[in-house]
Each structure stands twice: as structure tokens, then as C-alpha cells.
Amino acid sequence: MKRQTLAALIALLLLTFPVNLMAERADYCVIPLPKSLTTDDTKTFFLHSGQGISYDAGNPEIARNAQFLRTWVREITGVSLTLTPDDKHAAIRLNTGLAADKNVKGRKAKNKKEKRKAPAALTAQQQEAYVITVDGSGIEINARMPIGLFRAAQTLRKSLPVTQEADSVELPYTRISDEPRFAYRGAMLDCARHYFSVETIKNYIDILALHGCNQFHWHLTEDQGWRFEVQALPELAKKGSVREQTVIGHNTGVYDGQRYGGYYSQAECRELVNYAAARYINIIPEIDLPGHMMGALHVFPNLGCTGGPYPVCTRWGVMNEVLCAGNPETITFLKTVLGELCDVFPSKYIHIGGDECPKTRWKQCPKCQAKAKALGLKDDGKHSVENQLQSWINHEMESFLQARGRNIIGWDEVLEGGLTDDGIVMSWRGVKGGIEAARQHHRVIMSPTTFCYIDYYQLRDRGLQPDAIGGYLPLSQVYSFEPLAADVLSEEEQKYILGPQVNLWTEYIAYPQHLFYMLLPRLDAISEVQWCYPGQKDFEGFKSRLPQMLKIYDLMGFSYCRKYE
Ligand code: ACM
Ligand code: ZN
């Protein structure tokens, strides 16, 4: 072929397919890594602006997921798709129902009866399963339930090249089949030491959803501020949320002289519940009791053993002033609070805290001691009288909440006075509390400081980071966490471990940028602990997949720690 003819041919080709030749490629090696992924890089499908997303228009939940996908594809790539419900020939097709089980390996219903019953028999993880197939006909997503479509849409979102202004992107043929390892995949945010806006919490929820998390544990009350509106007790949040000033640094004795406050109205809480639910995230509210209560004691000093007065705390630490266990008004107060909490938060789990409750006052308080006597509490060599008194409060709260169809979660101190009937233990002082609870056949969430406290420094060189509470928890350490404690727990006992959670306490974090810097990319690491099986995990591979996530954070305007160890 003559050189001019060849040049003309190339020019013609460029004119005919200008976009395709410039299209950037998708890469399905996302975080968290899917369970199974087979890609053929030699064949690709081109996704163009103007192509459609098909879905079941009769189902608003699925329609919402289709809309999410459309928005994300546009944000990440620039490709503008249209919603084309019930179009079998659309470029992207979202399918749900039992048909998905033909594609999800090992779950094909055996007969008509099983087909009818199948959804009820599914584990939480199986309900989230999905399959993505990319071939010459486009992108087909099959899931059992709408939640699976959402998970698939997130995987597709993270797979796409961050081009922002492209008209077309190229997707290698692939088959991805995925479901999470753990049913519970949580992250906690302390909005009591510092208040974060509803907008920031929505961002936090978006980031959790991007990582496949499904539980947002919201720490709402503290010594330094009460942040949940209780309508029967209007003064509680109004006054209990405000501290006169805040200590500078690590309890230096020097204060900033600035009043600090803020709380969440019930309308705002409901807005967040709905926002999270649309992203398949449950909000677990925490009212930390009977310690960490100075915000409430400030407003109701009669609920303390000494009668106060109690200022809302202006410094950090564990305070001796706690709710009086011997005052019946304490129980009435807590039931009023938890009653309204249940009205606002539909979560099956309600966190009642229970950590760091010194017994100094209880030991000397006539009311507390009289209560212990009336209950017949005796030191049995394993549980002190005062620890049993705390356990009695936990039982009171548990039966109150059980009557409303809820289960309690407590920090691992709840083991010290004897565990309640159906309480879930959140193991934070290492994994030993979780192990003990699992052995007693109690459900467990693993969030030990050693792997899950992302308020700790993330780099060895403290000079490179903002001030933090202490410790050292680099990315690699979070990534290395194995929550099942298989070396000491039997297979049967391991079943009680629901999953892992990271905790972000905010004594030293006052602004959203700092918050996201602490969260990212350590949330990426925990997301693989939560989602992937040990055989899939590989820190080097994980690090090679991280830059794509960082591009997404840049695009969304989230700060993150750029160096990692
Ligand atoms: C805790 O970190 N005090 C639960
Ligand atoms: Zn007392």
C-alpha cells in the first residue's frame, strides 16, 4: 500500500472512530478486591455518551441504583449515559431476581419450592452478591437483590478510568463474581468530642459506601458534649452540647477561650438515616452510658452521685463523674433518651457504650451502695459489686430495648459485670474481650486499638502529621488484621464474630479535612479486611490498586494521607 493511501486510511479511521482510539481503559482491580475476577484484555467494549442503562422501572429502589450509576459514570469519566428502563439492548443492563442465581455460582435453586424460598434463606453476604459481565453486548450486572446492584455499581465506578471529560471509555471483557466475607463492616465516627456538620457526615457515609461498608456507628454523646436532641428534655442538647472552651493540645492546662457546641436535631438524624439507607448503610447510634456522661450531668446534676455542679468537660480523658446507679431517675432518664433514639433510628442494634466508667463515686455513694444491697450483689471473686451494678443497668437497658425489637452493643467492659442475655460485644482493648464473648456464644464486633484505631498516628515520623492522640497504626498494620482469631477459637466460635470495624475518635480532630486525612487510606485497608478472604489479601497488590482510589478522592475533594507505611 502506498504511503499516501495508508495515511489517508488512517485519517479516515481517525475521523470515523476518533473517540474510541483515545479512550482510556477500565481496570477492575479495585478496592476492596472482588472475590473472583477473570479479564480478557484482548477484547474490549466501548462505553459511549448517549448509551443507555436498563433496569426494572417498576422498582424505585433499583431505579435509584441506576441513577447512582449514571451519576458516578459521568463524574468519573465524563461519559453521559441515559436511563433506558426495560431495554434489553442497553449498553448497561441491571438485572435482579432469581435469574441472577443462574449466574452466581453455587446458588442455583434446585427446584420450584427452593426458588420461591431462596431469598429468605440467603445469608446477609449472599444477599449482597453480584456478577458483572462485560462482553461484546455490553455490561450486564446480575444480582439477587437491589443491594447487589448497588455493590456492583460501586465496583464499576471504581473500575473506570478517571478521565472526567471523556466521551467514551474502553472496558476489557470480564467476569466479576463477588460477595463480602463479613456481614458486619463498620466504621465509627465520634461527633461528640468535635461536632461535624450533616454535610460532612454525608461525605463520611459516601466514603463508607464506596468501600462496601454497611454500618456507620455514630458516637453521639460524651463528657465534652451531648449531641442528640431529646424532645422530652429540650435543655439536654441545648445546654449539654456546649462547652465553655477547649484545652489546647494534650491537656496542657492552656485553653482556647472559645465556646464550642452543636447538636443534631431529630429531623437531621432522620435525614441522615435515610441518606445512609439509600446507600445500604445502617446507622448505629451510641449513647455512651453510664460513664462519659458529663454533657448530660451538666444539665441534670441530680443524676450524679454527688449532685454536682458539673461543667461540660473542656479537657480530654476519663472522668470520675458518672451517672448515679442508685438514683431511680437515672433509669427513667436513660429510658426517655433511648426511647426517642429508637423512634429516630430504625437500627436493629443500639450501642449503649459502657466503656471507661470509673467506680470511684459509686463506691462511696449511699444511693449506689443501697441499690447494690437491694439487688443482693456480692463480690464473687470474678465480678466486683460495682461492675455488677453496671451490668444491672445494662440489663435494664437491654430489656427496654428488646421490647422495641432492638439488641444492645456494648464496649468490651460490659463483660466485666457479667454479660447481658443477647448483648453484642465490641472488642476494643485488644481482641481478648471478643474471644471471651465468642466462647460464651455472644456475638462480637472486632475493633481492637492495635489494628482499628485510626485516631492513632499513621506515620512513624510524628513531625510529618498533625497532632494525634498517640499510638502508631500504619496502613500495613490495619491491612494485616485478621478478625477471626482462628488460632484460639473453634470454627463454631468464630461464627459469633460478625466483622471488623475502625474507630475514629476526634479529641484531636476538629475539621473535616483532618478527619478524612485520618480515614483515608486506612479505610481502604480495613475494607479489604472486611470484604476479602485471607487468601485474596496481599499488601503489595493492595498498594498497587491504591492510586486509582486516590484519584477518586482527588476528584471528590477528599483529603487523605499521601504517604503510607
Ligand atoms: C474506647 O475507645 N474508649 C471505647
Ligand atoms: Zn450514686
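Residues numbered from 1 in each chain as written. Chains lettered and ligands numbered in written order. Predicted model: local features only at pLDDT ≥ 70, side-chain atom pairs only at ≥ 80, totals over all residues. Heavy atoms only, no water.

Observations regarding the overall build of the protein chain
Our working rule: Counting from the N terminus, the helices are the DSSP runs of H or I reaching at least four residues and the strands are the DSSP runs of E reaching at least two. We compute the radius of gyration over the C-alpha atoms and compare it with the globule rule, which gives 2.2 Å times the number of residues raised to the power 0.38. In this scheme, a residue with accessible area under 20% of its type's maximum is buried, one over 50% is exposed, and one in between is partly exposed, where area comes from a 1.4 Å probe on protein chains only. All tallies of charge rest on Lys and Arg as positive and Asp and Glu as negative; His and the ends of each chain are not included. Think of each charge as sitting on NZ of Lys, CZ of Arg, CG of Asp or CD of Glu.
Per the secondary structure count, the protein chain includes 22 helices and 18 strands. Computed over its C-alpha atoms, the radius of gyration of the protein chain comes to 26 Å, within 12% of the 24 Å expected for a compact globule of 565 residues. A principal-axis box enclosing the C-alpha atoms of the protein chain has dimensions of 100 × 60 × 45 Å. Here the protein chain holds 565 residues, and 58% of them are scored as buried. Side-chain charges in the protein chain split into 63 positive and 64 negative, and the spacing between the mean points of these groups amounts to 5 Å.

Points about the pattern of salt bridges
Here is the rule we go by: Here, a salt bridge means any side-chain nitrogen of Lys or Arg that lies within 4 Å of a carboxyl oxygen of Asp or Glu.
Applying the stated criterion to the full structure yields 24 salt bridges. Of the charged contacts, one joins Glu413 and Arg429 as a salt bridge, the two residues approaching to 4.0 Å between their closest N and O atoms. Of the two residues, Glu413 is situated in the loop between strand S15 (407-411) and strand S16 (424-427) and Arg429 in the loop between S16 and helix H16 (432-439); the sequence distance between them amounts to 16 residues. Judged by its relative accessible area of 8%, Glu413 is buried.

Focus: the coordination of the zinc ion (ligand 2)
Using the following cut-off: Coordination shells were defined by N, O and S atoms within 2.8 Å of each metal, extended to 3.2 Å for Na, K and Ca; water is absent from the atom set, which can make sites look incomplete. Metal sites are grouped by the angles between bound donors: all angles between 85 and 135 degrees with four donors is tetrahedral, opposite donors over 155 degrees apart with the others between 65 and 115 is square planar for four donors and octahedral for six, and any other pattern is irregular.
Bound to the zinc ion (ligand 2) are the protein donor atoms Cys305 (SG), Cys324 (SG), Cys365 (SG) and Cys368 (SG), situated 2.3 to 2.4 Å from the metal. The coordination sphere of the zinc ion (ligand 2) comprises 4 donor atoms, whose angles at the metal cover 107 to 113°; the geometry is tetrahedral. Along the chain, the residues that donate to the zinc ion (ligand 2) are spaced as C-x18-C-x40-C-x2-C. Here Cys324 is found in the loop between helix H11 (294-299) and helix H12 (328-344), whereas its partner Cys365 is found in the loop between helix H13 (360-364) and helix H14 (366-374), with 41 residues between them in sequence. For the pair Cys324 and Cys365, a shared accessibility class is recorded, and that class is buried.

Notes on the side chain of Asn503
Basically, it comes down to this: For the purposes of these results, a polar contact is taken to be a pair of N or O atoms within 3.5 Å, where, inside protein, one atom must be able to donate a hydrogen and its partner to accept one; residues adjacent in sequence count only when each atom of the pair is a side-chain atom. Contacts: residue pairs with any heavy atoms within 4.5 Å of one another.
With respect to the secondary-structure elements, Asn503 resides in strand S18 (residues 497-504). Within the local environment of Asn503, its side chain forms a polar contact with the side chain of Gln501, the two groups lying 2.8 Å apart. Setting aside residues up to four positions removed in sequence, Asn503 forms contacts with Met188, Trp411, Ser447, Cys452, Tyr453, Ile454 and Asp455.

Comments concerning empty space enclosed by the protein
Taking a probe equal in size to a water molecule and rolling it over the atoms shows the remaining empty space. Rule in force here: The distinction between a cavity and a pocket rests on a 1 Å grid over the protein atoms alone: a 1.4 Å probe fits inside a cavity but cannot get out, while a pocket stays open yet meets protein on both sides within 12 Å along at least five of seven lines, and a residue with an atom within 4 Å of a point counts as lining. Grid points are joined across faces, edges and corners, and a volume is the space filled by probe spheres set on the points. Asp, Glu, Lys and Arg are counted as charged, while Ala, Val, Leu, Ile, Met, Phe, Trp, Tyr, Cys and Pro are counted as nonpolar; the rest, among them Gly, fall into the polar class.
Under the definition given, this model contains 2 cavities of 30 Å³ or more. By volume, the largest cavity amounts to about 80 Å³. In terms of lining residues, the largest cavity is bounded by Pro32, Tyr130, Arg151, Gln154, Thr155, Lys158, Asp178, Ala209, Leu210, His211, Gly212 and Trp531. Roughly 40 Å³ of internal volume is contained in the second largest cavity. Lining the second largest cavity are Asp455, Asp467, Ala468, Ile469, Trp505, Glu507, Tyr508, Ile509 and Met518. Its residues assigned to classes, the lining of the second largest cavity shows 6 nonpolar, no polar and 3 charged.

Considering helix H21 (residues 522-531)
An α-helical segment advances 3.6 residues per turn. Residues three or four places apart therefore align on the same side. Most of H21 sits out of view: 10 of its 10 residues are buried. Of all the positions in H21, only Arg522, Leu523, Asp524, Ala525, Ile526, Ser527, Glu528, Val529, Gln530 and Trp531 are classed as buried.

Examining unusual backbone geometry
With an omega of 0°, the peptide bond running from Gly308 to Pro309 counts as cis. Within the element layout of this structure, Pro309 appears in the loop between H11 and H12. In this model, Leu520 is joined to Pro521 through a cis peptide bond whose omega is 5°. Despite not being glycine, Asp86 has its phi angle at roughly 55°, a positive value. Structurally, the position occupied by Asp86 is in the loop between strand S4 (82-83) and strand S5 (92-95). Asp86 sits in the exposed class, given a relative accessible area of 55%. For Asn251, which is not glycine, the phi dihedral falls at a positive 45°. One can find Asn251 in the loop between helix H9 (234-240) and helix H10 (266-278).

Some points on the environment of Arg279
In this fold, Arg279 is placed in the loop between H10 and strand S13 (282-286). Judged by relative accessible area, Arg279 falls into the buried class, the value being 13%. Considered as a pair, Arg279 and Arg151 are 128 residues apart in the sequence and their alpha carbons are 9.5 Å apart. A polar atom in the side chain of Arg279 sits 2.9 Å from the backbone oxygen of Tyr275.

Some points on the packing of H12 against helix H15 (residues 385-402)
Applied cut-off: All axes are obtained by fitting lines to C-alpha atoms, using only the stretch in contact for helices, and the reported angles, taken between N-to-C directions, cover 0 to 180 degrees. The sense of a crossing depends on the near helix, which, turned anticlockwise from the far helix by less than a right angle, makes the crossing left-handed and, turned clockwise, makes it right-handed.
One way to put it is that H12 packs onto H15 with a least axis distance of 11 Å and a crossing angle of 40°. Considering only the axes of H12 and H15, their crossing is right-handed. Residues Ile331, Leu334, Lys335, Leu338, Gly339 and Cys342 of H12 touch H15, and the partners they reach there are Trp392, Ile393, Glu396, Met397, Phe400 and Leu401. Among the residues making up the contact of H12 with H15, the classes are represented as 9 nonpolar, 1 polar and 2 charged.

Focus: the nonpolar core
Rules: By nonpolar core is meant a set of buried Ala, Val, Leu, Ile, Met, Phe, Trp, Tyr and Cys residues that side-chain atoms within 4.5 Å join together.
Formed by 155 residues in total, the largest nonpolar core has its most connected members in Leu47, Trp218 and Trp226. Those residues in contact with Leu47, other than ones at most four positions away along the chain, are Val73, Val79, Leu81, Ala91, Ile92, Ile139, Asp167, Ser168, Val169 and Leu171. If you look at the next biggest cluster of nonpolar residues, it comprises 13 residues, including Ile424, Trp428, Tyr453 and Leu498.

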